[in-house]
Amino acid sequence: MTDRHNASRRRFLAASGGIAALAAPGLAQAVPRAGTERPLPPLVGRSSETLLPRGKARRVVICGGGWGGITAARYLRQQVPHLEVVLLERNQNFFSCPMSNKWLVDVVDTQYLTKDYLKVSEELGYRFIQTEILEIERGTKRVVTAAGALDYDYLILSPGIRYNYEAWFGNDRRAAEATRARFPAAYIPSAEHFHLKQAIHDFKGGDLVMTLPPPPQRCPPSPYERACLIASLFKAKKLNARIIILDHKDDVRPIGPGFKAAFQELYKDIVTYVPNAHVKEVDPFNKRIKTAAGDFDFDHAILMAPHQAGDLAWRAGVVGQSFQGGPDGWAAVDPLFLHAEDDKDVYVIGDAVGYVSPQFSFYPKAGHVANQHARIVAHYIAEREAEREPGYRLPDNLCFMMVSTQPQEAISVKFDYKVNAMGIIEQTQIDFNERKPETVGEDFEWARGIYADMFG
Ligand SMILES: Cc1cc2nc3c(=O)[nH]c(=O)nc-3n(C[C@H](O)[C@H](O)[C@H](O)COP(=O)(O)OP(=O)(O)OC[C@H]3O[C@@H](n4cnc5c(N)ncnc54)[C@H](O)[C@@H]3O)c2cc1C
């Protein structure tokens, strides 16, 4: 090692306290004894202390600033100006999963997907706090965050999803962590998307395997869109590569004929679709996966473990029970009014929402639905604040999926809801299977409109 290396290493160790630690045999002397710790400056976050003292206004705390949470903050500010609206979110910037498949293959850039939370909240007049939410104490109506605790009159939970790696690995954290780090699903706004983008652009050929989670899952058509768009990239680069879609389901759904036509007509030599591929064993170290439809080795993979409601739904104790008696993984809500089954002051919106109908079970876990849920819940809270009994409102859903980049073509699906004479929510679904350039235009128009709705 050179002197320069030694010098920079010494600087690093000194900066990290390493030299003192290495040089001092009596290390214990450097650690303050219990009761002698230096007091923290007053504004260093401590989760047990009050983060925001109460003023006169009643308060809504929104947990999670994704598609649902950010819309709820805006609509509440507009519709119930006398309420204090606080949005809590761990990330510094909003990152959109919708449109992110197009970003993976450079149809849109990073700026198109991201927004600065602080700027948006300043402009729209609600309070944004970037912090990790640690606990939700419904008994005392308190949310505990890494920066301190705050109480609420109404709570809105929009935590999105978590990956249920336990279904694959039990409590083997090493395997779960290796899977997340090496073969991320990129289904939650995080660094995973950047990792995946790099991996597909660096891919030199061979087998790329995608596991699709069992329903209910976040945005069911989007893995097929992702497969098509990555295939279009590999095709343009003339790579000798295969994309193997291991689907838990027995067929492609929704917009099945549209996607299957794209696989067959555009990516025949690239995309292999395998139905009924229930995952039995995942080995991220040896790059091998065993399924009910066969075993597969891979060069790279997008490993999507089953989805569940985000951690916060579990911490809030709103996750429902399955018929077998265990947790069903999703928030138990009143299907029409979206409050927790056992708590009218706690609303759940977006992907975390559980079973709502014997006809279709779950709303599609889509940003469009999360946005609609948020608007609906803002209306319910506005009505309650005006001391009126709210009438129910239902969402709709619209989803566009790009299947080709050269030329740009897309397919789409539309859902509508109504309550039938038995009081059950009914769903109507229309698939638009024909791929068309005009549908791409509709997709961008949809995104423009919904971003404007969320961010002003
Ligand atoms: C590849 C892909 C493509 C998609 N395409 C579409 C599409 O075309 N159209 C469409 O409608 N939908 C699409 N979706 C689905 C859409 O992204 C989700 O349905 C939507 O994001 C759900 O909103 P949400 O508010 O429930 O969750 P999210 O948007 O995930 O928001 C949850 C937020 O909570 C925060 N959070 C969670 N826990 C904590 C904590 N402990 N402390 C602090 N913050 C926390 C997270 O950081 C996150 O910002 C797509 C999804 C993917 C992955």
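Placed above this text is the structure.
These numbers come from a predicted model, not from an experiment.

Undergrad: Which parts of the structure should I look at to understand the layout of surface pockets?
TA: The probe, sized like a water molecule, is rolled over the atoms to show the empty space still left. There is about 500 Å³ of room inside the second largest pocket. Around the second largest pocket sit 21 residues that line it, and Pro215, Pro220, Pro254, Phe362 and Pro364 are the ones nearest its centre. Mapped by element, the contributors of at least two residues to the lining of the second largest pocket are β23 (397–405) and β25 (425–436). Residues of the lining of the second largest pocket, tallied by class, amount to 13 nonpolar, 5 polar and 3 charged. Split by domain, the residues of the lining of the second largest pocket number at least three in each of domain 1 (59–160 + 310–394) and domain 2 (169–306).

Undergrad: What should I look at first to understand the site of the ligand in this one?
TA: Around the ligand, the surrounding shell holds 35 residues, and the nearest of these are Glu89, Ser158, Arg218, Asp351 and Gly367. The side chain of glutamate 89 places a nitrogen or oxygen atom 2.6 Å from an oxygen atom of the ligand. Here an oxygen atom of the ligand sits 2.8 Å away from a polar atom, N or O, in the side chain of arginine 218. When the free accessible area of the ligand is taken as 1000 Å², the share hidden by the protein chains comes to 97%. Secondary-structure elements contributing two or more residues to the shell around the ligand are α4 (67–79), α5 (100–104), α11 (222–236), α14 (367–385) and β23. Broken down by element, the residue count for the shell around the ligand peaks at 3 residues, all from α14. Here the residues of the shell around the ligand are counted per class, giving 14 nonpolar, 14 polar and 7 charged. Of the domains in this structure, domain 1 (59–160 + 310–394) and domain 2 (169–306) are the two that each give at least three residues to the shell around the ligand.

Undergrad: Whenever I open this one, the packing of aromatic side chains confuses me. Can you help?
TA: Two measures describe an aromatic ring pair: the distance that separates the ring centres and the angle between the ring planes. Enumeration according to the criterion identifies 26 aromatic pairs in this entry. Between phenylalanine 360 and tyrosine 363 the ring centres are 5.7 Å apart and the planes differ by 45 degrees, which places this aromatic pair in the tilted class. With respect to class, phenylalanine 360 is no different from tyrosine 363; both count as buried. Members of the aromatic cluster, each reached through a chain of ring pairs, are Trp67, Phe94, Tyr112, Tyr117, Phe128, Phe444, Trp446, Tyr451 and Phe455. Above the plane of the ring of tryptophan 103 lies lysine 197, whose end atom (NZ or CZ) is 4.5 Å from the centre. The cationic tip of lysine 365 hangs over the ring face of tryptophan 330; the distance from NZ or CZ to the ring centre is 4.2 Å.

Undergrad: Even after reading the chapter, I still don't get unusual backbone geometry, so can you show me in this structure?
TA: Note on backbone geometry: most residues besides glycine have negative phi, and most peptide bonds are trans. Cis geometry marks the peptide bond from arginine 253 to proline 254; its omega dihedral reads -10 degrees. You can see proline 254 is positioned in the loop between β12 (241–247) and α12 (256–266). Following glutamine 406, the chain continues to proline 407 via a peptide bond in cis, the omega torsion being 5 degrees. Here proline 407 lies in the loop between β23 and β24 (408–419). Its identity as a non-glycine residue notwithstanding, aspartate 106 has a phi of 65 degrees, on the positive side. Backbone geometry at isoleucine 255 places phi at a positive 50 degrees, although glycine is not the residue there. When you line up the elements, isoleucine 255 lands in the loop between β12 and α12. Since its relative accessible area comes to 0%, isoleucine 255 is described here as buried.

Undergrad: Before we go on, may I ask you to explain the sheet that holds strand β1 (residues 59–63) in this structure?
TA: Strands in a sheet are paired, the pairing made by backbone hydrogen bonds, and the direction either parallel or antiparallel. The 6 strands are arranged β5-β2-β1-β9-β22-β21 in an open sheet whose pairing can be described as mixed. Both outer strands of the open sheet, β5 (127–130) and β21 (339–340), are each paired with one neighbouring strand and no more. Strand direction decides the pairing type here: β1 and strand β9 (residues 154–157), joined by 4 bridges, are parallel. Among the inter-strand pairings, valine 61 is bridged to a residue of β9, identified as leucine 155. Of the strands in this sheet, β1, β2 (84–89) and β9 are in contact with α4, which crosses β2 at around 170 degrees. Sheet strands touched by α14: β1, β9 and β22 (343–348). Its angle to β22, the strand with the most contacts, is close to 155 degrees.

So, how was this worked out
- Residues numbered from 1 in each chain as written.
- Predicted model: local features only at pLDDT ≥ 70, side-chain atom pairs only at ≥ 80, totals over all residues.
- Heavy atoms only, no water.
- 1 Å grid on protein atoms, 1.4 Å probe; cavity = no way out; pocket = protein on both sides within 12 Å on 5 of 7 lines; lining within 4 Å.
- Points joined across faces, edges and corners; volume = space filled by probe spheres on them.
- Helix = DSSP H or I, 4+ residues; strand = E, 2+ residues; numbered from the N terminus.
- Nonpolar A, V, L, I, M, F, W, Y, C, P; charged D, E, K, R; others polar.
- Domains from an automatic or database assignment.
- Near = heavy atom within 4 Å.
- Polar contact = N/O pair within 3.5 Å; in protein donor to acceptor, adjacent residues only side chain to side chain.
- Areas by Shrake-Rupley, 256 points an atom, 1.4 Å probe, with all protein chains shown as cover.
- Phe/Tyr/Trp six-rings, centres within 6.5 Å; stacked < 30°, edge-to-face > 60°.
- Buried < 20%, exposed > 50% of the residue type's maximum accessible area, 1.4 Å probe, protein only.
- Lys NZ or Arg CZ within 6 Å of the ring centre and 35° of its normal.
- Pairing = 2+ DSSP bridges.
- Contact = heavy atoms within 4.5 Å.
- Axes fitted to C-alpha atoms, helices over the stretch in contact; angles between N-to-C directions.

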